[in-house]
Amino acid sequence: MALMITRSRILLKCTGKLRLFSSNAIPKSININEVDYETNEHWTNVTPSIVSLTDRSLHVHESHPVSILREMIEQKLNSTDKAFNIYNNFKPVVSVYDNFDSLGFPEDHPGRSKSDTYYVNDKHLLRTHTSAHEMKCFKDIKSDQSSSNSGRSGFLISADVYRRDEIDRTHYPAFHQMEGARIWKREKALNSNKEPQHIVQLRKDIKKLGDQLEKEETKLIVEDDKSLEGNPKQDYMTELEVELCQQHLKRSVELVVSEVFNQKITSMKNSNVADIPKELKVRWIKAYFPWTAPSWEIEVWWQGDWLEVCGCGLVREQVLLNSGFEKDSTIGWAFGLGLDRIAMLLFEVPDIRLFWTMDERFHTQFIKGKINPFVPYSKYPGTLRDVSFWLANDDNAIEVHENDVMEIVRNEGGDLVESVKLIDEFTSSKSGKKSLCYRINYQSMDRNVTNEEINEIQEKVRDELVNKYNVELR
Ligand code: PHE
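Keep in mind that what you see is a predicted model, and the values were worked out from it rather than measured.

Scoring rules and cut-offs
- Residues numbered from 1 in each chain as written.
- Predicted model: local features only at pLDDT ≥ 70, side-chain atom pairs only at ≥ 80, totals over all residues.
- Heavy atoms only, no water.
- Axes fitted to C-alpha atoms, helices over the stretch in contact; angles between N-to-C directions.
- Helix = DSSP H or I, 4+ residues; strand = E, 2+ residues; numbered from the N terminus.
- Parallel < 35°, antiparallel > 145°, perpendicular 65-115°, else oblique.
- Left-handed = near helix turned anticlockwise from the far one by under 90°.
- Contact = heavy atoms within 4.5 Å.
- Nonpolar A, V, L, I, M, F, W, Y, C, P; charged D, E, K, R; others polar.
- Domains from an automatic or database assignment.
- Buried area = accessible area lost by both parts, 1.4 Å probe.
- Salt bridge = Lys/Arg side-chain N within 4 Å of Asp/Glu carboxyl O.
- Polar contact = N/O pair within 3.5 Å; in protein donor to acceptor, adjacent residues only side chain to side chain.
- Pairing = 2+ DSSP bridges.

## With respect to the packing of helix 3 (residues 65-77) against helix 7 (residues 239-270)
Across the interface, helix 3 lies against helix 7 with an axial gap of 10 Å and an inter-helix angle of 130 degrees. One way to sum up the angle between helix 3 and helix 7 is to call them oblique. Of the two elements, helix 3 crosses helix 7, and the hand of that crossing is right-handed. Contact residues: helix 3 offers Leu69, Met72, Ile73, Lys76 and Leu77, while helix 7 offers Ser252, Leu255, Val256, Glu259, Val260 and Gln263. Here the residues of the contact of helix 3 with helix 7 sort into 7 nonpolar, 2 polar and 2 charged.

## Things to note about the domain arrangement of the chain
Segmenting the chain into domains produces domain 1 (51-363) and domain 2 (379-474). Placing a centre on the C-alpha atoms of domain 1 and another on those of domain 2 gives a separation of 36 Å. Domain 1 puts 18 residues into the contact, and the matching count from domain 2 is 17 residues. When residues of domain 1 are sorted by the area they lose upon contact with domain 2, Arg164, Ile167 and Arg353 head the list and together hold 44% of the total. Applying the counting criterion to the domain 1 and domain 2 interface returns 3 salt bridges. The closest approach of N and O atoms between Glu407 and Arg164, which form a salt bridge, is 3.6 Å. The tally of links between domain 1 and domain 2 comes to 12 residue pairs in polar contact (both at pLDDT 80 or more). Tallied by class, the residues present in the side of domain 1 that touches domain 2 amount to 6 nonpolar, 2 polar and 10 charged.

## Focus: the sheet that holds strand 15 (residues 434-442)
Taken together, 4 strands build an open sheet; the order of strands is 14-15-13-16 and the sheet is antiparallel. Each end of this open sheet is capped by a strand with a single partner; those strands are strand 14 (417-427) and strand 16 (472-473). Of the strand pairs in this sheet, strand 14 and strand 15 are connected by 9 bridges, and their pairing is antiparallel. In the sheet register, Glu425 faces strand 15, and the bridge partner there is Leu436. Docked against the sheet, helix 11 (residues 402-413) engages strand 14 and strand 15, running at close to 140 degrees with respect to strand 14.

Written out as structure tokens, the structure is:
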């Protein structure tokens, strides 16, 4: 240990060359899902602990809560007209083009930054959302149409997605999303007394969803002001098309919410829980996504909190054109639903790390098609460690983003890290330097941890902070 501290001090002095000696020098190439990717020293920021998550595919493990939820939603959405193709096997490394450019993300969109996204190199990254596959799936629909194979008019994609983020019980660098989309081919009315075929079809499709929603035992109470102020429609769509398309989108998402939470309520009733909700409140909120307009988010009121569930909107024509559809030929919607938070609440899983545990005591508790609450096998005590440091404020200072601190802790401590919180922050009036103090709670989901192993991890965390970011430990 003494040795490490000495090393840190030495490193602190030779600021300019610091990174050359860093123990984190990146390898020439990284293998992910059996493909070798060349790294790039300015872009590569995936770490071994993240790469190790990329071949887990939890969303297709039959008895995993995330997979049980995925299947429940797929079945419900395909129960009326089997409109959706289903994709569950897309690999997580995608091109920067697919994840951002094809969807119209501006160059300076914060989602593109290295502090938010895991880059494999300058051209590839770990997808940050399932929307990265929209174009490919729209193309599949288009080629079905062209081959006069009537095909389906929508798709559902489920996959693991990755974002650099804080660490606590509900945040994990990998989580799961389901993307949904549906399109209608526009038809010109043959005579002005008759509505065009796609409008007739949309009305029918909306009616089917409404009928299904009516059947649910606990009805949704929906708050939606519906104004498009500040959330404009696209020029190429008529007002009627926007109205019907958004109704179909909203009823589809509401059907998902209604199905999932009604199943939860039924399972609560079966196990005689007190405090069973008598109503289900949801609200629609205006949103912005570069590839949809107008856009919305839906939130669900559950146990005293508004839970963000899903972002969505009417697909921008540019995405459809990029996918090979002709101008003015097609209208449609897309949504992206976060699966993990909903699964945590359905299965009463208190910490998102449990989804990734290899412990049989977790996995044997769930079976395909069934919602049952997780029974904790034990609660192992946590142990706190603080790390305080001054940020360098000289010319050689390297900018440190909070997510960079998180990444170091995550890489050294892996799933033993329960949470990392900034507990103190001030700037010295004498030196002008900024001091930060982070509190790390180390706690395993599966076993007791020893002080020795935690001290060792904590030393490495301290060492890496100096090594990488030239901070001065306090
Ligand atoms: N991809 C968006 C997200 O991750 C959600 C979304 C999907 C929004 C599709 C609109 C359309 O937040």
